[in-house]
Amino acid sequence: MSGEKDATKVVQAGRRPEWTQGIVNPPLWRASTILYDSVADLRARGAADTHHKLFYGRRGTPTQWSLAEALTELEPGAEATLLYPSGVAAVAAALLAVLSPGDELLLVDSAYDPTRNLANGLLERFGITTTFYDPLIGAGIADLCTDRTKAIFMESPGSLTFEVQDIPAIVGVAKERGIATLLDNTWATPLLLPAIPLGVDYSILACTKYVVGHSDVMLGSVTAAEGQYERLRAVTYQLGQTASPDDAWLGARGLRTMAVRLDQHGRSALKIAKWLETRPEVARVLHPALPGCPGHEAFVRDFRGASGLFSFVLNGGTDKARSALIDGLRHFGIGYSWGGFESLAIPVDPQRYRSATKWEAEGPMVRLQIGLEDADDLIADLEAGLTRFAEVCG
C-alpha cells in the first residue's frame, strides 16, 4: 500500500482476504494450542519461520498480525511490527533487544517516567548504565557517545514538558557510530511523524493512547526498520511477550478512525492552547506548534501536525490554587494516560524527573489531554478554572 495516503492506510491496511475471510473487520481469533495434521507437520512448522503462520498462540493469530501489519504500513521503509501488552512492555523489549551488560544507554531527560524507572531499575541491575541528556542537544550528542554507547532513546516531544528533539541530527550521529536509535513516538503516531523514514531504528507506540482511542485497552507496539526486526523478535519471544487477540482486535478497531480523531484532537488543542496564551493567569503554554515551545523549529520541519496533548505553566500561585483549578473542571477528568475521546487534566511537576537538565518555571504546571468535546465548551470550563485559581491566589 505504498502509494496510498495515510487516511486510506489506516482504513485498509492489514485487512488481507485470508485474514478477514470476506468480513470487513478481521475476526477475533483466540488461541493457545494450534493443532497439526501429523508429527511431521508439527516438526516442520517448528523448524520454519513462523512469521504470519500459526504455530502457538503466543506467536499470534491473524487478529494480532492484522494490526501489526497495518502499523508497519504506516512507516515507509519498516520491516515489521510486534505487539506488546502495554507501551512500557514495548519500551522494555526494544531496549533489551539492543543492549547488553556493560553497554551504555543515552536517554533523553524529558522521557516518560516509567522509561526512566526501567533505566534506573532493571537495566542498571543488568549492568547497563544510563546517561541522561538534554532534549535539545541535537548533534551535540556526539560529545556524549563513547565506545560503550549502544543505544540512544528519544521521546519527541517529551510528554510533560514538550521539548521537540532534532531527530535527524541525533540519528545522523548514531549512524556514524553504529548506535541503535529508538523513539517513543506515542504523541505524534506515524500519521504525524513517520519515524522510520527519518532513520530511526525502532519506532515505539503506547497504542493504549491514540491507536486504541477509547481509554479501555493496554497495548504497545514496536516497528522495526529494515534489518532491525530479527533481534527484536528473538528477545520478544524469549521474554514471552505477547498482546492478547482481544486487545489487538480493539486496537485495530480504533486504528480505523485514528486519522479523523487525531485531526480533531489537534485542531481543538491548538485552539485552546492559543486561547490560554492570552490569559494573564498563564505564564507559558508548552505546545510544539507554538513558536515559544522549545524545539519548535524542529517541529515545523519534521512533523505533519500536532496531537491533543500539551501543558501550560501558571503565572505564580500554589499547588492549592492549581488543585482548585483542576478539581472544579466539569469536562476534564482527572487521570493518567491520554489519547482517548475524553479530555483530561492533571498536575505535573517535571523537576522530580530531571537529572541532566534543571526544570524551572514561573508557577505550577498543568497538563491537558484535549478530547473530542466541543473546544468552546472546554475553553469555558478552563476559564472558570482559571478564575478559581486566581481567587485562591488572592
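What comes next is a walk through the structure. (Residues numbered from 1 in each chain as written. Predicted model: local features only at pLDDT ≥ 70, side-chain atom pairs only at ≥ 80, totals over all residues. Heavy atoms only, no water.)

Turning our eyes to something else, we now look at the overall build of the chain. From N to C terminus, the chain includes 14 helices and 12 strands. Its C-alpha atoms give the chain principal-axis dimensions of roughly 80 × 50 × 35 Å. Within the chain, buried positions represent 55% of all 394 residues. Taking the intrachain contacts of the chain between residues at least 6 apart in sequence as the baseline, contacts between residues at least 24 apart amount to 74%. Side-chain charges in the chain split into 37 positive and 47 negative, and the spacing between the mean points of these groups amounts to 4 Å. (Helix = DSSP H or I, 4+ residues; strand = E, 2+ residues; numbered from the N terminus. Buried < 20%, exposed > 50% of the residue type's maximum accessible area, 1.4 Å probe, protein only. Contact = heavy atoms within 4.5 Å. Lys, Arg positive; Asp, Glu negative; His and termini not counted. Charge placed at Lys NZ, Arg CZ, Asp CG, Glu CD.)

Moving on, we come to the sheet that holds strand β12 (residues 365-369). The strand order β8-β9-β12-β11-β10 describes an open sheet built from five strands, whose pairing is mixed. The open sheet is flanked by β8 (282-286) and β10 (332-333), the only strands paired with a single partner. Of the strands in this sheet, β9 (309-314), β11 (343-348) and β12 touch helix α13 (residues 319-327), which is tilted by about 170 degrees from β11. (Pairing = 2+ DSSP bridges. Axes fitted to C-alpha atoms, helices over the stretch in contact; angles between N-to-C directions.)

A few words on the pairing of β12. Most of β12 sits inside the fold, with five of its five residues counted as buried. The two faces of β12 match: Met 365, Arg 367 and Gln 369 on one face and Val 366 and Leu 368 on the other face are all buried. Direction of pairing for β9 relative to β12: antiparallel, over a ladder of five bridges. Along β12, the bridge assignment pairs Phe 312 with Val 366.

Quick look at the packing of aromatic side chains now. All chains considered together, the criterion is met by five aromatic pairs. Arg 59 extends its terminal NZ or CZ atom over the ring of Tyr 237, reaching a point 4.1 Å from the ring centre. (Phe/Tyr/Trp six-rings, centres within 6.5 Å; stacked < 30°, edge-to-face > 60°. Lys NZ or Arg CZ within 6 Å of the ring centre and 35° of its normal.)

This next bit is on the pairing of strand β3 (residues 129-133). Both faces of the sheet carry side chains from a regular strand, because those side chains alternate between them. In this structure, strand β2 (residues 104-108) lies alongside β3, joined through five bridges in parallel fashion. Across the sheet, Leu 105 pairs through a bridge with Thr 130, a residue of β3. For the segment spanning β2, helix α6 (residues 113-125) and β3, crossover handedness is right-handed. (Right-handed = clockwise from strand over helix to strand, strands pointing away.)

Glancing now at the pattern of salt bridges. A complete count under the given rule lists 21 salt bridges for this structure. The partner of Asp 263 in a salt bridge is Arg 267, with the nearest N and O atoms 3.0 Å apart. With Asp 263 and Arg 267 both in helix α11 (residues 258-277) and four residues apart, this pair spans about one turn of that helix. Residue classification places Asp 263 among the partly exposed positions, given a relative accessible area of 42%. In this structure, Arg 284 engages Glu 362 in a salt bridge whose closest nitrogen and oxygen atoms are separated by 3.1 Å. Residue Arg 284 is located in strand β8, and its partner Glu 362 is located in the loop between β11 and β12; the two are separated by 78 residues in the primary sequence. By relative accessible area, which is 27% here, Arg 284 ends up partly exposed. Each of the salt bridges in this network shares a partner with another, and the network as a whole consists of Arg 16, Glu 18 and Glu 69. (Salt bridge = Lys/Arg side-chain N within 4 Å of Asp/Glu carboxyl O.)

What is shown is where atoms sit, not what they do.
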